[in-house]
Amino acid sequence: MTDQPTAASDPTAAPDPTPASGQAPASETAPASGQAPASETAPASDPAPASASGAASASGQAPASDPTPAPPTPPPAPELFTWEFATDPYPAYAWLREHAPVHRTRLPSGVEAWLVTRYADAKQALADQRLSKNPAHHDEPEHAKGKTGIPGERKAELMTHLLNIDPPDHTRLRRLVSKAFTPRRVAEFAPRVQELTDRLIDRFAATGSADLIHDFAFPLPIYAICDLLGVPREDQDDFRDWAGMMIRHGGGPRGGVARSVKKMRGYLAELIHRKREALPDEPTPGEDLISGLIRASDHGEHLTENEAAAMAFILLFAGFETTVNLIGNGTYALLTHPEQRERLQRSLAEGRSDLLETGVEELLRYDGPVELATWRFATEPLTIGGRDIAAGDPVLVVLASADRDPERFADPDVLDLSRRDNQHLGYGHGIHYCLGAPLARLEGQTALATLLTRLPDLQLAVDSADLRWRGGLIMRGLRTLPVEFTPVR
């Protein structure tokens, strides 16, 4: 639920790193050779200095050695968007921060874009209004048309949402939906989140094993955001199916995402019509978000039906995948850092919430759900990190890299749940800061605390090397997370 992921994933995603036979799956977005393109920012090796050892000087004496040694040759540029990169992108990002912090590359989709990898540059870019969210500013060639948004959103007339617009329209639409995500409204929603969390754990607690992505991390935010939007309970499993297709990326049937978007668009149009017909004259306490959007539209806020449908769509799309990955990545990080997990369990047993709160922020920094902020396009020539960006060029801010920048964070590759100086960029920065961050934090805190309390000996059921990460350019998340524990009745 963010002006960056959507929440939610980006269609120019790298291929899903779980090929059936060990080979890269056929994908419209996969590079033909499977190799990362040569980068214009990768430094060339320095030429070897001319040697004077075999030449005689005019005086017959051996020439003095050069007192200035040649600079060391940097290691070769890493490959990007491979299966190995999807599993652990952080070494590659460390190389980029040091050697090519603003890096032009060709993405698997064929689109060329700039990657911004240092914290200071990332924060500047996220707040720079010369970088537009509107794809109309992309100076894209024919082959790149439609590859910088969610598949099918153009045809489904779902483009007018917070991820694709700038002020003043962005300001107007954000104001309309921000009422649903105030601290007070989120606090009122907390009992429902706890109810959903317990109900989902009840379904597998007695079995002694589960896939925490499929059985827990995925359905929890889907049902929560459906409740918030006002999707009737009997229709929420349809939303779960459509959302599941959206996050499968290369693992689903060709065109499956676009078909799911089309189905969701048709459903939302019908739901908006039904809610408008039944809308009472005065708002009721806890009125759902779609009814609130309709009411605002009918009272002079100039919200068109397409805008209302697009807003509901992106809030759903953005509102679930970030939380799926926060819960999945966060649980995995705790299971692979047992001393930190034990600290958190002791704190929870003592009835304290301080370590849970700082811990979720650290999990967002350490291996957050949004790897890259969503697309931005230069509206005029500008300079970032010493590199000149041309008007029309796409710019992608690498949040995962910025949040591991040693110039900003002490020991950035260390997970420390009690870290205090933690102004991470996991939910963005500036006017496009994630609108739904308060709800995502609530869901993440509730999910992790309940899991560790109810299933105290939770552990991985497979070796970490056997886990697979979903291919994606914007999002970072596990495909599965098999766990085992002592059955609880």
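Read on for an overview of the structure. These figures come from a predicted structure and were not determined experimentally.

1. Brief notes about helix 13 (residues 354-367)
Alright, step 1. The end-to-end C-alpha separation of helix 13 is 20 Å, in line with the 20 Å expected for 14 residues at 1.5 Å each.
Alright, step 2. For helix 13, the complete set of buried residues consists of Leu355, Leu356, Thr358, Gly359, Val360, Glu361, Glu362, Leu363, Leu364, Arg365, Tyr366 and Asp367.
Alright, step 3. Those residues of helix 13 that are buried lie in contact with helix 2 (90-99), helix 11 (305-335), helix 12 (338-349) and helix 15 (437-454).

2. What about the sheet that holds strand 10 (residues 482-484)?
Alright, step 1. Here we have three strands laid out as an open sheet, ordered 4-10-9, and antiparallel in their pairing. Each end of this open sheet is capped by a strand with a single partner; those strands are strand 4 (209-211) and strand 9 (459-460).
Alright, step 2. Relative to strand 10, strand 9 runs antiparallel, the two sharing two bridges. Across the sheet, residue Gln459 finds its bridge partner in strand 10, namely Glu484.

3. Some words on the sheet that holds strand 2 (residues 112-116)
Alright, step 1. Read across the sheet, five strands follow the order 1-2-8-5-3 without closing on themselves; strand pairing throughout is mixed. Every interior strand has two partners, whereas the edge strands, strand 1 (102-106) and strand 3 (131-132), have only one.
Alright, step 2. Pairing of strand 5 (residues 376-378) with strand 8 (residues 394-397) involves two bridges; the strand directions are antiparallel. Paired with Phe377 across the strands is Pro394, a residue of strand 8.
Alright, step 3. Set on the sheet, helix 3 (residues 119-127) makes contact with strand 1, strand 2, strand 3, strand 5 and strand 8; between it and strand 8 the angle comes to about 125 degrees.

4. A closer look at the environment of Leu316
Alright, step 1. Along the chain, the position of Leu316 falls in helix 11.
Alright, step 2. Residue classification places Leu316 among the buried positions, given a relative accessible area of 1%.
Alright, step 3. Residues Leu316 and Pro221, spaced 95 residues apart in sequence, show a C-alpha to C-alpha distance of 9.2 Å.

Conventions used here
- Residues numbered from 1 in each chain as written.
- Predicted model: local features only at pLDDT ≥ 70, side-chain atom pairs only at ≥ 80, totals over all residues.
- Heavy atoms only, no water.
- Helix = DSSP H or I, 4+ residues; strand = E, 2+ residues; numbered from the N terminus.
- Expected span 1.5 Å × (residues − 1).
- Buried < 20%, exposed > 50% of the residue type's maximum accessible area, 1.4 Å probe, protein only.
- Contact = heavy atoms within 4.5 Å.
- Pairing = 2+ DSSP bridges.
- Axes fitted to C-alpha atoms, helices over the stretch in contact; angles between N-to-C directions.

Any functional reading would require information beyond the geometric quantities listed.
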